[in-house]
Amino acid sequence: MAFTIRIYETNEYIYSLLKKRLGSFYPDAYIVNPCLEGQDEDDRFSDFTKVIYDPACINKDDIPSTAASPIRLTEDGGIIDCSRLISMLLPRADVPSVNQPLTGTLTAVIPFVYSDVRDRFIFDLESGLSEADYNIRLDFTSRLRALWRGSPASNMTSLLKDCKSRRFMPEDILKYCNMDDSGFLTPGSCKNNDDVYDLGIERSTALMNHASDLAHSRQIFVNVLAVVEGFRTADLPGLLAGCDKVFILLPAKNASEDIGARDLITMLTKVLGKERVSVRYAEDFAPRSEFDDILSQRSLAV
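Residues numbered from 1 in each chain as written. Predicted model: local features only at pLDDT ≥ 70, side-chain atom pairs only at ≥ 80, totals over all residues. Heavy atoms only, no water.

For the structure shown, the criterion picks out four aromatic pairs. A centroid spacing of 5.0 Å and a plane angle of 15 degrees characterise the contact between phenylalanine 3 and phenylalanine 48, whose relative ring orientation is stacked. Taken together, the residues span a long stretch of sequence, with phenylalanine 3 in the segment before β1 (4-8) and phenylalanine 48 in the loop between α2 (34-37) and β3 (49-53) at a distance of 45 residues. Overall, phenylalanine 3 belongs to the buried group, its relative accessible area being 1%. According to the relative accessible area criterion, phenylalanine 48 is partly exposed, its value standing at 25%. (Phe/Tyr/Trp six-rings, centres within 6.5 Å; stacked < 30°, edge-to-face > 60°. Helix = DSSP H or I, 4+ residues; strand = E, 2+ residues; numbered from the N terminus. Buried < 20%, exposed > 50% of the residue type's maximum accessible area, 1.4 Å probe, protein only.)

Given below as structure tokens:
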């Protein structure tokens, strides 16, 4: 069903995130912004039009009367809840499930814990990814924090360098990957300790965008898990824009009371939507013998 979504939002960055998020659930929708693109959008191919408006940018009464029941972008606390928007755009029977996408998923893990706790969490998380044709792990970390070193001919450095080529396609990510001991396809670590950061945020963002396109492709069923460490807080919204789920791993429940952790959680929740952000704690993960057998064969940095 083709329809138009008009989003009245003057912040171009917020609009771009909304367009990417809503577009993943409604790929047949025409998503436009009259505030940035003008009012003369052609919607003659649409069956109907839905309007989302930011009250900080436009009054509800100023929206053209042809729009039926405009949807407020933010809740009372200023939070943008994409799950609420998704459920209000179409009749309930036609709404795609937020928890069960029609394609694979892109999941990010932001750990503030020891690497063995981080990878124990990922090991548990992998059990829910078994239905895909491929499960891919991308370590946006220093070389010291990557779980698997991989082969010299296939590594994260090469993938980051090549992903900005115009000829690079999302499915090309698979060409850089080998199977690790835990069942993920992965390019492994970078060649040098800090290549992820030295190559610049633009390359990591480009690779994450390709990973999102691959995970949400209808041609192949792929789940992608990205481990994200050491980036500037201001760079995270753009880096994580295409993710279906973002997990923040903290060492203990009282760590969420730290002002830095609280600000990060609040910022990501506001930008990405509360349905996409979850907080987990190291104390919730008891050692597992199967995974500990895997770790015993390697030396991990903390």
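This is not the end of the story, as more comes after the structure.
It is worth spelling out the confidence of the model for the protein chain at this point. When pLDDT is averaged along the protein chain, the result is 80, and 80% of the positions lie at 70 or above. Between residues 97-101, whose pLDDT stays under 50, and residues either more than four places distant or in other chains, the model counts six contacts. Scored below 50 in pLDDT, residues 294-302 makes 19 contacts in the model with residues more than four places away or belonging to other chains. (pLDDT = per-residue confidence, 0-100. Contact = heavy atoms within 4.5 Å.)

The next thing to look at is the sheet that holds β1. Strand order in the open sheet formed by four strands is β2-β1-β3-β4, and the pairing between neighbours is parallel. The sheet is open, and its two edges are formed by β2 (30-32) and β4 (71-72), each paired on a single side. By the bridge criterion, three bridges tie β1 to β2 in an arrangement that is parallel. Bridging from a neighbouring strand, threonine 4 pairs with tyrosine 30 of β2. Set on the sheet, helix α1 (residues 12-25) makes contact with β1, β2 and β3; between it and β2 the angle comes to about 170 degrees. (Pairing = 2+ DSSP bridges. Axes fitted to C-alpha atoms, helices over the stretch in contact; angles between N-to-C directions.)

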